[in-house]
Amino acid sequence: MAEFDWFSALAGGVMIGLAATLLLAGSGRIAGISGILGGVLQRPGGDALWRWLFLAGLLAGAAFHQWLDPTAVEARTGFPVWALLAAGLLVGIGTRLGSGCTSGHGVCGLARFSPRSAVATAVFVLVAVVVVWLVRHGPFAGVVT
Amino acid sequence: MNGLIALVAGVLFGFGLDLARMTDPERVLGFLDIAGTWDPTLVFVLAGAVVTTTIGFRLIGRGDSWFGGPMRLPQRSDIDRPLLLGAALFGAGWGLAGYCPGPGVAALVQGAADPFWFVGGLVLGMIIFARTPRRGSGATA
């Protein structure tokens, strides 16, 4: 098993939950990253400002943690560019078509006991597990290296 | 005020993602790799986030937000084809590279090239979706 720091994982999760709670309580918005990112790409104008600020905060928060603990996350390099681009396209189209990603469906949706989010979360986790199996152990082993 | 709330929420979210190692795609792939050396980190991230959000949302109740007027919550409960197809496409991309949207964007601060390729594809995919004419449109989660 990979080296595993359950406390950081749990504490990070709690912070994500506090962020989602703050955004809904303060602004009445769901903290779904694909919806927020899709929103700035789709509807420029007055309603885009809070989305840009959230995204700026996302970068600042991650940068702040990196600065506090520079060895916590090692940047991955050399992953095939075609796979990164293809993955980005799939995630971009898929999350917009499916109305959410890990944060919107997986965190906020499950917290609201939304049946749509429960089904979406089950589907994307299951498909991701199958794809990882295919490219690591199955017939496509070695394709993404 | 809405802008300040969004900024602070974003900072908390980004800090939490990095603290939880979600910005390390190899760790995420390790969680999804149940046939290999399974890494349970993500279970704790998800549990911490979902439990906290469930309690938080419960405490907020259903009235107006502090500064943003009425809460804009998705109202739909039907399981339709776009939901299933979209979730499947997203899962395929997530399993391929180990990034979902939040961690992909947050990983940009690592300064390496990999997250930029992913986020480039992500933005392109969203623009393609926005420009594709389609019947009806889903609520955004």
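Every chain is numbered on its own, with residues counted from 1 as its sequence reads. Written order determines the labels here, with chains lettered from A and ligands numbered from 1. For this predicted model, a pLDDT threshold of at least 70 governs which residues receive local features, and a threshold of 80 or more governs which side-chain atom pairs are given and counted, while totals over whole chains, interfaces and linings are taken from all residues. Side-chain calculation: all heavy atoms of the structure are included, whereas hydrogens and water are not.

*Asks:* Would you take a moment to explain the overall build of chain A for this structure?
*Replies:* Secondary structure elements follow DSSP: runs of H or I of four or more residues count as helices, runs of E of two or more count as strands, with numbering from the N terminus. When its secondary structure is counted, chain A shows six helices and zero strands. Helices and strands appear in chain A in the N-to-C order α-α-α-α-α-α. Along the first, second and third principal axes, the C-alpha atoms of chain A reach 45 × 35 × 30 Å. Long-range pairs, those at least 24 residues apart, make up 35% of the contacts in chain A between residues at least 6 apart in sequence. The Shrake-Rupley method, run with a 1.4 Å probe sphere, supplies the accessible areas, and residue values consider only the shown protein chains as cover. Per element, the accessible surface of chain A, about 5,900 Å² overall, is 72% carbon and sulfur. Each charge class in chain A was averaged separately, 8 positive and 5 negative side chains, and the resulting centres sit 21 Å apart. Should any heavy atoms of two residues lie within 4.5 Å, those residues are counted as being in contact. Residues scored as positive are Lys and Arg, those scored as negative are Asp and Glu, and His as well as the terminal groups of each chain are ignored. Throughout, a charge is located at the NZ atom of Lys, the CZ atom of Arg, the CG atom of Asp or the CD atom of Glu.

*Asks:* Mind showing me how you'd approach the packing of aromatic side chains here?
*Replies:* Aromatic rings considered in pairs are described by the distance between their centres and by the relative angle of their planes. Any two rings among Phe, Tyr and Trp, with Trp reduced to its six-membered ring, count as a pair given centres within 6.5 Å; such a pair is stacked if its planes are under 30 degrees apart, edge-to-face if over 60, and tilted if neither. For the structure shown, the criterion picks out eleven aromatic pairs over all chains. Each ring, one from B:Phe31 and one from B:Trp38, has its centre 6.2 Å from the other, and the planes form 40 degrees; the classification is tilted. The interplanar angle of 20 degrees and the centroid separation of 5.9 Å between the aromatic rings of B:Phe90 and B:Trp94 together place this pair among those described as stacked. Separated by four residues within a single helix, B:Phe90 and B:Trp94 lie in helix 4 (residues 81-97), roughly one turn from each other. No difference in accessibility class separates B:Phe90 from B:Trp94, as the two residues are buried. What links up through ring pairs into an aromatic cluster is the set A:Trp6, A:Phe7 and B:Phe44. For each residue, the accessible area found with a 1.4 Å probe, counting protein chains only, is set against the maximum for its type, and the residue is called buried under 20%, exposed over 50%, and partly exposed in between.

*Asks:* Explain the environment of A:Leu23 here, please?
*Replies:* With respect to the helices and strands, the residue A:Leu23 is situated in helix 1 (residues 6-27). When neighbours within four sequence positions are excluded, A:Leu23 is seen to be in contact with A:Gly28, A:Arg29, A:Ile30, A:Ala31, A:Ile36, A:Trp50, A:Phe54, B:Ile5, B:Ala6 and B:Ala9.

*Asks:* It is not clear to me how the packing of helix 5 (residues 102-111) of chain A against helix 3 (residues 41-60) of chain B should be interpreted in this structure. Could you clarify?
*Replies:* Geometry of a packed helix pair, given as the angle between the helix axes and the separation of the axes. Axis definition: a line fitted to C-alpha atoms, limited for helices to the stretch in contact. Angles are taken between N-to-C directions and run from 0 to 180 degrees. Running from N to C, helix 5 of chain A and helix 3 of chain B point in directions that differ by 40 degrees, and their axes come no closer than 7 Å. With respect to their mutual orientation, helix 5 of chain A and helix 3 of chain B come out oblique. The two elements helix 5 of chain A and helix 3 of chain B cross, and the hand of that crossing is right-handed. Where helix 5 of chain A abuts helix 3 of chain B, its residues A:Gly106, A:Val107, A:Cys108, A:Leu110 and A:Ala111 lie against B:Leu46, B:Ala49, B:Val50, B:Thr53, B:Thr54 and B:Phe57. Residue composition of the contact of helix 5 of chain A with helix 3 of chain B, by class: eight nonpolar, three polar and no charged. Roughly parallel here means an angle under 35 degrees, roughly antiparallel means over 145, roughly perpendicular means 65 to 115, and every remaining angle is called oblique. Less than a right angle of anticlockwise turn of the near helix away from the far helix marks a crossing as left-handed, whereas a clockwise turn marks it as right-handed. In this classification, the charged set is Asp, Glu, Lys and Arg, the nonpolar set is Ala, Val, Leu, Ile, Met, Phe, Trp, Tyr, Cys and Pro, and all remaining amino acids, among them Gly, are polar.

*Asks:* Would you mind showing me how to read the packing of helix 4 (residues 81-97) of chain A against helix 6 (residues 114-131) of chain B here?
*Replies:* Contact geometry of helix 4 of chain A with helix 6 of chain B gives a least axis separation of 7 Å together with a crossing angle of 35 degrees. Classified by chirality, the crossing of helix 6 of chain B by helix 4 of chain A is right-handed. Contacts from A:Val81, A:Leu84, A:Leu85, A:Ala87, A:Gly88, A:Leu89, A:Val91, A:Gly92, A:Ile93, A:Thr95, A:Arg96 and A:Leu97 of helix 4 of chain A reach helix 6 of chain B at B:Asp114, B:Trp117, B:Phe118, B:Gly121, B:Leu122, B:Leu124, B:Gly125, B:Met126, B:Ile128 and B:Phe129. Tallied by class, the residues present in the contact of helix 4 of chain A with helix 6 of chain B amount to 15 nonpolar, five polar and two charged.

*Asks:* It is not clear to me how the confidence of the model for chain A should be interpreted in this structure. Could you clarify?
*Replies:* Where the model shows low pLDDT, its predicted coordinates should not be examined in detail. As a per-residue quantity, pLDDT reports the predictor's confidence and falls between 0 and 100. Scored by pLDDT, chain A comes out at a mean of 93, with 96% of its residues at no less than 70. When the elements of chain A are averaged for pLDDT, helix 2 (residues 33-42) of chain A gives the smallest value, 94, and helix 4 of chain A the largest, 98.

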